[in-house]
Amino acid sequence: MNILLVGSGGREHALAWKIAQSPLVRRLVIAPGNPGMDALGDRVDLKVTDADALTVLAREMRADLVVVGPETALEAGLADRLTAAGIPCFGPSAKAARLETSKAFSKAFMERHEIPTAGYGVYERLHEARQALTVFKPPYVIKADGLAAGKGVAISPDKRDAEAEIERMLGGRFGTAGARVVIEEFMDGEEGSLFAVCDGQSALLLGGAQDHKRAFDGDLGPNTGGMGSYSPAPVFTPELVEAAERLIVQPVVAAMAAEGAPYRGVLYAGLMATAEGPRVVEFNARFGDPECQVLMMRMDGDIVPLLLACAKGDLTQARLPTFSTDTVICVVLAAKGYPDSPLEGSIIRGAEQDFGPHVQVFHAGTKRRPDGQLAAAGGRVLNVCARGRDIVEARERAYAAVRKIDWPGGFHRTDIGWRAVERD
Ligand code: AMP
Ligand code: GLY
């Protein structure tokens, strides 16, 4: 098979690493990819939002399957274009991807179908949003409606702070993504990310992971795209997974089909395990980053038949992949200044050495300089992933590898997996 993979982050490096292991693959093309993927496939320098050019590339390379990593490509209608061209695509249509790309759509959808989630309101005008704060109780959850790379959410302890956030969002801090704000009821509990692959009619659960969204140790600092992850995550008890599948995952896939937007691809349910059971924090229309990295390392067997079955709209014959009982952990190395203003261009040494059989280093935002050295080219730059019998062993191996990387321009959290470690 010829496969085109779209995206350039650590998630896509992990997907490329897994896809490239499949005996079914004859040629893997990655657009645009990053230097870490050079040995896994041919890289083509196209923007992930250039749906026209990517569709032409898919046709020219006779792609049997296109796997879409990032949500921005889905929002740009890549899956729609490929489907129109008759090319199987793993990733939902722009309409179905609104589960992620519009929080207002996603909240209204959940309300229509009685999917458990936080109460909410959507506001376009400052005075209405301010007024609404009198109805909600602190802490206040304020979200930009559209895509903001995981950064468009603020949890405000008091009204003054909440008002300032609303003013910033409606004032254009996130561009058009903040033209509307969503205010939500605060949900208390532990969070987890649950993943399912869907063929438009039905879903198969892949399992769960936990990520760490705050920038600094102790879950402090600003929200980010994710500073680390691990899987399996103890928060996902069998009861929680069963309830989430019955009350959330299967009803969502059925309702999307009933609404004329069948959902194909990964459904990522960001869940809060509350005293009343699982409730949805958010949906994403793609694999999580950095959750994908740990799932790919735990997944046994070939991923390609599963992706193809979803893309072709028929999971009935697909075999559910099994996952190793090992724990895998991922530590994100980010450029200093992330998430607000990451420093570009600092040189990284030691990231490409052999770290042994238990460790994989995925590239997220790197570039190769003309002199061959690796340099930072983004906020999240490297993902150091390690497996172990349990969280403690996996964590020791990951941080041992982190210490071997010489990158003064970067920083990382030193407490990834702390919840699981404390439970042990
Ligand atoms: P989101 O981008 O919607 O996933 O929100 C980012 C983070 O904000 C989540 O991972 C949660 O930690 C937190 N959050 C969002 N919505 C809520 C809510 N309704 N209650 C409590 N925490 C929330
Ligand atoms: N790690 C969170 C996300 O991918 O949205």
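Structure: see above.
Residues numbered from 1 in each chain as written. Chains lettered and ligands numbered in written order. Predicted model: local features only at pLDDT ≥ 70, side-chain atom pairs only at ≥ 80, totals over all residues. Heavy atoms only, no water.

S.K.: Got a sec to walk through helix H8 (residues 159–170)? Specific residues and values, please.
M.R.: With twelve residues, H8 should reach 16 Å at 1.5 Å per residue; the first-to-last C-alpha distance of 16 Å fits that figure. For H8, the complete set of buried residues consists of Ala162, Glu165, Ile166 and Met169. Buried residues in H8, looked at end-on, bunch into an arc of 100 degrees, giving them a common side. For H8, the side-chain oxygen to backbone nitrogen distance between the N-cap and arginine 160 is 3.2 Å, and the N-cap itself is aspartate 158. At the exit of H8 stands glycine 172, carrying a positive phi of roughly 105 degrees. (Helix = DSSP H or I, 4+ residues; strand = E, 2+ residues; numbered from the N terminus. Expected span 1.5 Å × (residues − 1). Buried < 20%, exposed > 50% of the residue type's maximum accessible area, 1.4 Å probe, protein only. Arc of directions from axis to C-beta. Polar contact = N/O pair within 3.5 Å; in protein donor to acceptor, adjacent residues only side chain to side chain.)

S.K.: Can you break down the sheet that holds strand S20 (residues 366–368) residue by residue, with the values?
M.R.: Here we have three strands laid out as an open sheet, ordered S18-S21-S20, and antiparallel in their pairing. In the strand order of this sheet, the two ends are held by strand S18 (347–348) and S20, each with one partner. (Pairing = 2+ DSSP bridges.)

S.K.: Could you give an account of the site of ligand 1, with specific residues and numbers?
M.R.: Near ligand 1 there are 15 residues, and of these Lys143, Glu184, Met187, Glu191 and Glu282 occur at the shortest range. Glutamate 184 is positioned such that a nitrogen or oxygen atom in its side chain is 2.8 Å from a nitrogen atom of ligand 1. The contact in question runs from a nitrogen atom of ligand 1 to an N or O atom on the backbone of glutamate 185, over 2.9 Å. The fraction of the free accessible surface of ligand 1 (480 Å²) that becomes covered by protein chains is 93%. Counting residues per element, the ones that place at least two in the shell around ligand 1 are strand S7 (140–144), strand S8 (153–156) and strand S16 (277–284). (Near = heavy atom within 4 Å. Areas by Shrake-Rupley, 256 points an atom, 1.4 Å probe, with all protein chains shown as cover.)

S.K.: Account for unusual backbone geometry, naming residues and giving values.
M.R.: Here the bond from alanine 31 into proline 32 is cis, since omega is -10 degrees, no more than 30 degrees from zero. Looking at the secondary structure, you find proline 32 in strand S2 (residues 27–32). With omega at 10 degrees, the peptide bond leading from tyrosine 338 into proline 339 counts as cis. If you trace the backbone, proline 339 turns up in the loop between strand S17 (327–335) and S18. Here the phi dihedral of glutamate 114 falls at roughly 55 degrees; this positive angle occurs in a residue that is not glycine. Relative to the assigned elements, glutamate 114 resides in the loop between helix H6 (103–112) and strand S6 (120–123). In this structure, aspartate 219 is a non-glycine residue whose phi angle is positive, near 55 degrees. You can see aspartate 219 is positioned in the loop between strand S12 (214–216) and strand S13 (220–223).

S.K.: Describe the nonpolar core, listing the residues and the values that go with them.
M.R.: In a soluble, globular protein the nonpolar side chains are often hidden away together inside. With 77 residues, the main nonpolar core has Leu4, Val66, Leu99, Val252, Phe283 and Ile405 as its most contacted residues. With eight residues, helix H9 (residues 238–258) is the single largest residue contributor to this core. Apart from residues lying up to four places away in sequence, valine 252 is in contact with Leu99, Phe109, Ile115, Leu267 and Phe283. Counting residues in hydrophobic clusters, the runner-up holds 42 residues, among them Ala14, Val25, Val328 and Phe362. (Core = buried A, V, L, I, M, F, W, Y, C linked by side-chain atoms within 4.5 Å. Contact = heavy atoms within 4.5 Å.)

S.K.: An account of the site of ligand 2 is requested, with residue identities and associated values reported.
M.R.: Neighbouring residues of ligand 2: Asp211, Gly225, Tyr268, Asn284, Arg286, Gly288, Asp289, Pro290 and Glu291. Arginine 286 places a side-chain nitrogen or oxygen 2.8 Å from an oxygen atom of ligand 2. Take glutamate 291: an N or O atom from its side chain is 2.8 Å from a nitrogen atom of ligand 2. With the chains in place, 91% of the 200 Å² that ligand 2 exposes on its own is no longer accessible. Among the residues making up the shell around ligand 2, the classes are represented as two nonpolar, three polar and four charged. (Nonpolar A, V, L, I, M, F, W, Y, C, P; charged D, E, K, R; others polar.)

S.K.: Got a sec to walk through the environment of aspartate 406? Specific residues and values, please.
M.R.: On the secondary structure map, aspartate 406 appears in the loop between helix H12 (391–404) and strand S23 (410–411). On the accessibility criterion, aspartate 406 (39% relative accessible area) is partly exposed. Sequence-distant contacts of aspartate 406, defined by excluding residues within four places in its chain, comprise Ile347, Ile348 and Arg349.

S.K.: Break down the environment of alanine 311 for me, with residues and values.
M.R.: Looking at where alanine 311 falls in the secondary structure, it is placed in helix H11 (residues 304–311). Taking the relative accessible area as the measure of exposure, alanine 311 reaches 7% and is therefore buried. Sequence spacing of alanine 311 and proline 92 is 219 residues, and the spatial spacing of their C-alpha atoms is 9.0 Å. Apart from the residues lying within four places of it in its own chain, the contact partners of alanine 311 are Leu65, Pro88, Cys89, Phe90 and Arg264.

S.K.: Account for the pattern of salt bridges, naming residues and giving values.
M.R.: A side chain of one charge can pair with a side chain of the opposite charge when the charged atoms of the two come close. What the rule picks out here adds up to 26 salt bridges. Linking glutamate 242 and arginine 246 is a salt bridge whose minimum nitrogen-to-oxygen distance equals 2.7 Å. Pair noted here: glutamate 242 and arginine 246 are both in helix H9, with a separation of four residues, about one helical turn. (Salt bridge = Lys/Arg side-chain N within 4 Å of Asp/Glu carboxyl O.)

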